[in-house]
Amino acid sequence: MIVLYPFVVVVGLLCEAAVLVLGSMLHTTLGLNLGITVAILAVATLITFAGTMLSATGMHQKQLNILLRDMDPERFISVYEPLLKKAGKRPNVQLTMLAYLSTAYANLGQYEKALELLDKAPSVKEQVRADGLLLGNRCLIYIQMNQLDKAADCLTRLEAMVKADKNNALGGDVVQSARCLRIRLNASKGWATDVAWVKAVAASGQPPFYAASNQLMLGQVLLADHNKAGAKAALEKAAGYSTNLWACRRAAELLAGLEASASKEI
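Trainee: Could you clarify how one ought to interpret the overall build of the chain in this entry?
Mentor: Across its full length, the chain holds 12 helices and zero strands. Within the chain, the proportion of its 266 residues that are buried is 41%. Contacts spanning at least 24 positions in sequence make up 58% of the contacts within the chain whose residues lie at least 6 apart. Looking at the chain as shown, the accessible area adds up to about 14200 Å², and 60% of this sits on carbon and sulfur atoms.

So this is what it looks like as C-alpha cells:
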C-alpha cells in the first residue's frame, strides 16, 4: 500500500507549477515545437514525481524509526499524531497513520485509546487487507490487556479470512501475523506450538521493536514447552531492549516470575 503524506501533495503541486513554467519557456522563448515541448515536460514530470515520492518515503521511515528503532512511543506520538490532522480525505494515509498510532498508544499502556484509533479507520480500496490488519492489531491489543477471550474472537475471525483468501488479498505479512498471534495466544494459555518456527523468526534480523516482540514470543513458547533455561535467555534479551515497550515490560514480568519460582525450588 503506497502512502502519500499531505506535505508530499503540496510539494507535488509546487513542482507541477514549476514544470508548467518550464514548458512555457521552452515553447515561447526557445521556440521548440509543441511535440518536443510535451515530450520534455513528460520526462520532467516523471522525474519530479519520482523525487517527491523518494523524499516522502524517506521522511516517513525517519518518523517510523522513532518507534521501530529508537523504541520511543511517546516521542513518536508527539511527532506523528499532528500529521494525522493534515492527512485530509486520503483513506490510505489515514488508515496507515491510525494503525501506527494505535500501536504506539498500546505500548504506553493506553489500550482504550489504541482501540479507539482503530475504530476510526476509514474504508479503503484494499478493504480485505485493511480488515485483516486491523483485526490483527486489535487481537494483539487484547492479548496485551490479558483479555484472551476477546483476543481469541478477533483471531478466529482473522483465521477465517486467511482460509477464505484465495487471491492473496490479505498479503503474506497479514497471514504471518495471524500465525504469530495464534502462537502467542496458545502460549498465554500454556500451550507450546511451532517451537522451531518461532526460534527461526526470533533469530531473523529485525528492527529492535520487532526483535523485542519476537524474543518475548520465543520466551513464552519455551516456557509453555517447559524449557526454562531457553525461556530465561529469550526473556532476558526481550527485557533488555527497552522499558518503553510492552513486550519488554512483559518479558521482565515473566522473567521475575521465573526467577522467583527458581528460588523457591532451591
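Further notes follow.
Trainee: Can you help me understand the layout of surface pockets in this one?
Mentor: Empty space left among the atoms is revealed by rolling a probe the size of a water molecule over them. Its volume calculated, the largest pocket comes out at about 1400 Å³. Forming the walls of the largest pocket are 43 residues, and the residues nearest its centre are Y100, L133, N137, S177 and Y210. Taken together, the elements giving at least two residues each to the lining of the largest pocket come down to α2 (34-68), α4 (91-107), α6 (127-144), α8 (172-188), α10 (208-224) and α12 (246-265). For the lining of the largest pocket, the residue count by class is 24 nonpolar, 16 polar and three charged.

Trainee: Whenever I open this one, the environment of A130 confuses me. Can you help?
Mentor: Turning to its location among the elements, A130 is positioned in helix α6. Expressed as a C-alpha distance, the spacing of A130 and N92, which sit 38 residues apart in the sequence, is 9.3 Å. Ignoring any residue separated from it by four or fewer positions in sequence, one finds A130 in contact with L95 and V124.

Trainee: Explain unusual backbone geometry to me, please; I cannot follow it from the model alone.
Mentor: The bulk of non-glycine residues show a negative phi, and the bulk of peptide bonds are trans. The backbone of N146 sits at a positive phi, close to 65°, despite the residue not being glycine. Mapped onto the elements of the fold, N146 is located in the loop between α6 and α7 (148-164). Accessibility expressed as a relative area gives 57% for N146, which makes it exposed. Even without glycine at this site, D194 takes up a positive phi of about 55°.

Trainee: Would you mind showing me how to read the pattern of salt bridges here?
Mentor: Opposite charge on two side chains makes pairing possible when the charged atoms of those side chains draw close. Counted by the stated rule, this structure contains nine salt bridges. Linking D70 and R75 is a salt bridge whose minimum nitrogen-to-oxygen distance equals 2.9 Å. Each member of the salt-bridge network shares a partner with another, and the members are D70, D72 and R75.

Trainee: Please clarify how helix α5 (residues 111-119) should be interpreted in this entry.
Mentor: Turn by turn, an α-helix covers 3.6 residues, leaving residues three or four places apart pointing in a common direction. Among the residues of α5, those classed as buried are Y111, A114, L115, L117 and L118. For α5, the angular spread of buried residues about the axis comes to 155°, placing them on one side.

Trainee: What should I look at first to understand the environment of A87 in this one?
Mentor: Turning to its location among the elements, A87 is positioned in the loop between α3 (73-84) and α4. By relative accessible area, A87 is classed as buried at 0%. Put simply, A87 and M97 are 10 residues apart on the chain and 8.8 Å apart in space, counted from C-alpha to C-alpha.

Trainee: Explanation requested: the packing of aromatic side chains in the structure shown.
Mentor: The geometry of an aromatic ring pair is captured by two quantities: the separation of the ring centres and the angle between the planes. Within this structure, the stated rule accounts for three aromatic pairs. Ring geometry for F76 against Y80: centres 4.5 Å apart, planes inclined by 25°, an arrangement best described as stacked. You can see F76 and its partner Y80 sitting in helix α3, four residues apart, about one turn around the helix. The same class applies to F76 and to Y80, which are both buried. When the centroid spacing of 5.4 Å and the interplanar angle of 85° are considered together, the rings of F209 and Y210 count as edge-to-face. Look at F209 and you get buried, because its relative accessible area is 12%.

Trainee: Any chance you could explain the nonpolar core here in plain terms?
Mentor: Within soluble globular proteins, side chains that are nonpolar generally end up buried alongside one another. F76, C139, I141, L158, L185 and L216 are the most contacted members of the largest nonpolar core, which has 56 residues in total. At eight residues, the largest contribution of residues to this core is made by α4. Beyond its immediate sequence surroundings of up to four residues, C139 is in contact with A151, C154, L155 and L181. Grouped together as the second largest cluster of nonpolar side chains are 12 residues, A187, V201, A202 and A231 included.

Trainee: Is there a simple way to think about the side chain of S102 in this case?
Mentor: Among the secondary structure elements, S102 is positioned in helix α4. A relative accessible area of 1% places S102 in the buried class.

Trainee: Looking at this model, I keep getting lost on the environment of L134. Mind explaining?
Mentor: Among the structural elements, L134 can be located in helix α6. With a relative accessible area of 15%, L134 lands in the buried category. Distance in space between the C-alpha atoms of L134 and L95 is 9.2 Å, their sequence separation being 39 residues. Once you skip the residues sitting within four places of it in the chain, L134 turns out to touch L95, L118 and A121.

The rules behind the values
Residues numbered from 1 in each chain as written. Predicted model: local features only at pLDDT ≥ 70, side-chain atom pairs only at ≥ 80, totals over all residues. Heavy atoms only, no water. Helix = DSSP H or I, 4+ residues; strand = E, 2+ residues; numbered from the N terminus. Buried < 20%, exposed > 50% of the residue type's maximum accessible area, 1.4 Å probe, protein only. Contact = heavy atoms within 4.5 Å. Areas by Shrake-Rupley, 256 points an atom, 1.4 Å probe, with all protein chains shown as cover. 1 Å grid on protein atoms, 1.4 Å probe; cavity = no way out; pocket = protein on both sides within 12 Å on 5 of 7 lines; lining within 4 Å. Points joined across faces, edges and corners; volume = space filled by probe spheres on them. Nonpolar A, V, L, I, M, F, W, Y, C, P; charged D, E, K, R; others polar. Salt bridge = Lys/Arg side-chain N within 4 Å of Asp/Glu carboxyl O. Arc of directions from axis to C-beta. Phe/Tyr/Trp six-rings, centres within 6.5 Å; stacked < 30°, edge-to-face > 60°. Core = buried A, V, L, I, M, F, W, Y, C linked by side-chain atoms within 4.5 Å.

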